[in-house]
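Spelled out, the chains give:
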Amino acid sequence: MRRHAIGAALAGSALLVSGMLSGAGAQAAELSGQTQQDSQADKATATARVWVTTPDRAELLHERAPVAFRKGQSAETTITVDPDTKYQTMDGFGASITDSSADILYRLTPADRDKTMRSLFDGDKGIGVSFLRQVVGSSDFTAAPQHYTYDDVPAGQTDFPLRHFSIAHDQTQILPLLRRAKQLNPSLKVMATPWSPPAWMKTGDSLVGGRLKDDPAVYNAYARYLVKFVKAYEAAGVPVDFLSVQNEPQNRKPSAYPGTDMPVRQQAAVIEALGPMLRAASPRTKILGYDHNWTTHPGDIESTPPGEDPETDYPYQLLDSPAGKWLAGTAYHCYSGDPSAQTALHQTFPDKGIWFTECSGSHGPSDTPEQIFRGTLTWHARTLMLGTTRNWAKSVVNWNIALDSTGGPHNGGCDTCTGLVTLQPDGTVTTDAEYYTIGHLSKFVHSGAVRIASTSYGTTGWNGQLMSSAFRNPDGSTALLVHNENDDPRTFAVAVGDQSFEYTLPGGSVATFAWPRSQTLDPELSPLSLAGATASAVPAADAAFAFDADGSTVWQSKAAQAAGQYVQVDLGTAKQFRRIAIDSGGNLGDYARGWQVSTSFDGTQWHPLASGASTGQLTNVDVRPTRARFIRITSTGTSDHWWSLADVRLYK
């Protein structure tokens, strides 16, 4: 695992004290219970509850006063939530109880350990962590003096019958913690990932580096080894929901910790052997492929053996191979590239899932605690909390769940990694920024929730705008996460159907808005898909950005507003609609001062449909039921300002 200074969380964010989240936790738990009763008792008013974390740590998952929806639109930048547009189903959010994390937690007294576990896994008194990615054997984060697997034999020997297989190492600390985590959160899901097969299966007879021996008997033995692990963990009370066969298979030169160079052909061979075995032994366990970065790291390309393909399209090759039929999908890490790679893969393999399974923060030697907390909170918010979920991730998983104030213990590898919580030298446990970015998800977005549409104007690369992601829980409640990328406070609106509210978030802050299901918020109109539509514009530039369901990509006139400038869309076939939402994006001054909507069946003969003047970023144009193939939005006013279209939506 290769680390970069992408933000981290230093100890000292907030002290874990008894009941630190008891108020917010109990209230979050009440949210689902009140859904039916409250919505029927008051159909005229819907209310959202609000939890905020600020980069100066003044508010840490702090519940503010609720805010009421009202009928009507706002002139402020508006995040429109559309529960009828659905994306991926969520599995959970969390981290890893590594051997190092287990060591840290067992340094605590039993009472303090249970308090810390509750703060992590209890959805009432803590953040309700709902996904754990567990190491099969040893990683760099181990407190053991020597790296290990579950079938180690003296150098030069082999154990194809797996007679020496044992998970005894995990029985003392790791498994008791996992069982306690599942008690605190029964919906917790567990993934398992090996950093290395046993050394006797590998070239070089070492856990550090090398490849699997290119032998069908070895592939078979490794598959049986993984199945034995899954069965042993299930027998120990920890069923495994997901399994990958190699952590970071392109990291060919791990820094003194277990790792394996596993090219596509070898991973495919292992999966083809593993698939039938696992289906028979543990049907619940899904196999995930790849488990590495969004893009191949430049260092991994450079370390490719001479004459070999660096396999920069590794997940595509794997899913396209015969092994693909055994894969539920692909797992990704954060150390190279950006989350848009997930959407690109989804578009090629829409029937396969995507899970985000590892990211650890990092920090420079001279960074202050304040810099580290702010940098971690904001980077993780826009890139992981929102960036991965807006790009089809079914999980968001950090690395270690707990470390000490030195970033350890560890044996090789990363020496600047941080956890969700940190054990301080005085024996106290503090929460880090990752605790809050995961908590804003895990506390309010339940297992089985579906991501739903919400307009979003920020980017993972930072553009100072508002970024969002929304989810509909199985009980019908909604959780909307918003991050203000700007350093200054930002006022905006949230709209659902014909209801909205306005809110102001401090610069750099993160918020979760949660509301129960309410008839008041049931939209009367349904979204019309624009899939396959094409666009054009005068001035002619990037017209497709106006119709791509992405508020961060914007068509701009790039000239002062003038009559006759237009953007139009070809729906491919004639479709009926009743509303056109004209969304100019995150910059409030960029709306059309005057506009006309026209329609056509052939793109030649146009018929005026509606006209008016905008007063803010979002203009909803309600029309009689209208059928057309082409729709044109034309500027009819003048202004020194450009005008922009970030997200044009149709409703029927």
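Located above this text is the structure these notes cover.
Residues numbered from 1 in each chain as written. Predicted model: local features only at pLDDT ≥ 70, side-chain atom pairs only at ≥ 80, totals over all residues. Heavy atoms only, no water.

Draft legend 1. Layout of the overall build of the protein. Of regular secondary structure, the protein possesses 13 helices and 30 strands. Summarising its shape, the C-alpha atoms of the protein cover approximately 80 × 55 × 50 Å along the three principal directions. By the burial criterion, 61% of the 652 residues in the protein qualify as buried. Contacts spanning at least 24 positions in sequence make up 76% of the contacts within the protein whose residues lie at least 6 apart. Just so you have it, the protein exposes about 23000 Å², and 50% of that area is on carbon and sulfur atoms. If the 54 positive side-chain charges of the protein are averaged to one point and the 65 negative ones to another, these points end up 6 Å apart. (Helix = DSSP H or I, 4+ residues; strand = E, 2+ residues; numbered from the N terminus. Buried < 20%, exposed > 50% of the residue type's maximum accessible area, 1.4 Å probe, protein only. Contact = heavy atoms within 4.5 Å. Areas by Shrake-Rupley, 256 points an atom, 1.4 Å probe, with all protein chains shown as cover. Lys, Arg positive; Asp, Glu negative; His and termini not counted. Charge placed at Lys NZ, Arg CZ, Asp CG, Glu CD.)

Draft legend 2. A look at helix α12 (residues 369-388). Residue alanine 381 marks the point of greatest curvature in α12, where the axis turns by about 40°. Buried residues dominate α12, accounting for 15 of its 20 residues. (Bend = angle between axes of the 7 residues up to and from the residue.)

Draft legend 3. Looking closely at the packing of helix α4 (residues 110-121) against helix α6 (residues 174-184). Taken N-terminus to C-terminus, the directions of α4 and α6 make an angle of 55°; their axes are 10 Å apart at the nearest point. It follows that α4 is oblique to α6 by the angle criterion. The interaxial crossing formed by α4 with α6 has right-handed handedness. In this structure, α4 uses Arg113, Asp114, Met117, Arg118 and Phe121 to contact α6, whose residues at the interface are Leu177, Arg180, Ala181 and Leu184. Tallied by class, residues from the contact of α4 with α6 come to 5 nonpolar, no polar and 4 charged. (Axes fitted to C-alpha atoms, helices over the stretch in contact; angles between N-to-C directions. Parallel < 35°, antiparallel > 145°, perpendicular 65-115°, else oblique. Left-handed = near helix turned anticlockwise from the far one by under 90°. Nonpolar A, V, L, I, M, F, W, Y, C, P; charged D, E, K, R; others polar.)

Draft legend 4. How the structure looks around the state of the cysteines. Enumeration over the complete set of coordinates arrives at 2 disulfides. Covalently, cysteine 414 is tied to cysteine 417 through a disulfide, its sulfur atoms 2.2 Å apart. Disulfide cysteine 414-cysteine 417: torsion about the S-S bond near 115°, hence right-handed. Here cysteine 414 matches cysteine 417 in class, with each residue buried. (Disulfide = S-S within 2.5 Å.)

Draft legend 5. A look at the layout of surface pockets. If you add up the space inside the largest pocket, you get close to 1200 Å³. Among the secondary structure elements, those contributing two or more residues to the lining of the largest pocket are β5 (78-89), α11 (340-348), β17 (450-454), β23 (534-538) and β30 (647-651). A per-element tally of the lining of the largest pocket places β30 first, with 5 residues. Of the voids in this model, the second largest pocket is the one considered here, and its volume is about 530 Å³. In this structure, the second largest pocket is lined by 30 residues; those nearest its centre are Val496, Gly497, Asp498, Arg579 and Asn620. (1 Å grid on protein atoms, 1.4 Å probe; cavity = no way out; pocket = protein on both sides within 12 Å on 5 of 7 lines; lining within 4 Å. Points joined across faces, edges and corners; volume = space filled by probe spheres on them.)

Draft legend 6. Main features of the sheet that holds strand β21 (residues 499-505). Across the sheet, 10 strands lie side by side as β3-β2-β22-β19-β18-β17-β5-β20-β21-β4; this open sheet has mixed pairing. Either end of the sheet is taken by a strand with one partner, and the two such strands are β3 (62-68) and β4 (70-71). As defined by bridge partners, strand β2 (residues 47-53) adjoins β3 across 5 bridges and the pair is classed as antiparallel. Each residue of the ladder has a partner; that of valine 50, found in β3, is arginine 64. Sitting on the sheet, α12 touches β2, β18 (466-472), β19 (478-484) and β22 (510-515), and the angle it makes with β19 is about 140°. Against the sheet, helix α13 (residues 433-442) engages β2, β18, β19 and β22, with an angle of about 165° to β2. (Pairing = 2+ DSSP bridges.)

Draft legend 7. Broad picture of helix α8 (residues 264-281). For α8, which comprises 18 residues, the first-to-last C-alpha distance of 25 Å matches the rise-based estimate of 26 Å (1.5 Å per residue) to within 8%. When the local axis directions of α8 are compared, the greatest deviation, roughly 35°, occurs at leucine 274, which is followed within four positions by the proline proline 276. Among the residues making up α8, those that are buried are Val264, Gln266, Gln267, Ala268, Ala269, Val270, Ile271, Leu274, Gly275 and Leu278. On its buried face, α8 sits against α7 (216-235), β9 (242-244), β10 (286-293), α10 (314-320) and β11 (327-333). (Expected span 1.5 Å × (residues − 1).)

Draft legend 8. Seen up close, the pattern of salt bridges. Under the counting rule described, the total for this entry stands at 21 salt bridges. Among the salt bridges present, the one from aspartate 291 reaches arginine 133, with a minimum N-O distance of 3.1 Å. One end of the pair, aspartate 291, is in strand β10; the other, arginine 133, is in strand β7 (residues 131-136), with 158 residues separating them in the sequence. In terms of burial, aspartate 291 and arginine 133 fall into one category: buried. Ionic pairing is found between glutamate 308 and arginine 211, a salt bridge with its closest N-O pair at 2.7 Å. Linking glutamate 308 in the loop between α9 (298-302) and α10 with arginine 211 in the loop between β8 (189-194) and α7, this pair joins segments that are 97 residues apart in sequence. (Salt bridge = Lys/Arg side-chain N within 4 Å of Asp/Glu carboxyl O.)

Draft legend 9. Region of interest: the pairing of strand β20 (residues 490-496). Along β20, 6 of the 7 residues are buried, which leaves the element largely enclosed by surrounding structure. In terms of strand pairing, β5 meets β20 through 4 bridges, oriented parallel. When the bridges of β20 are listed, threonine 80 appears paired with alanine 495.

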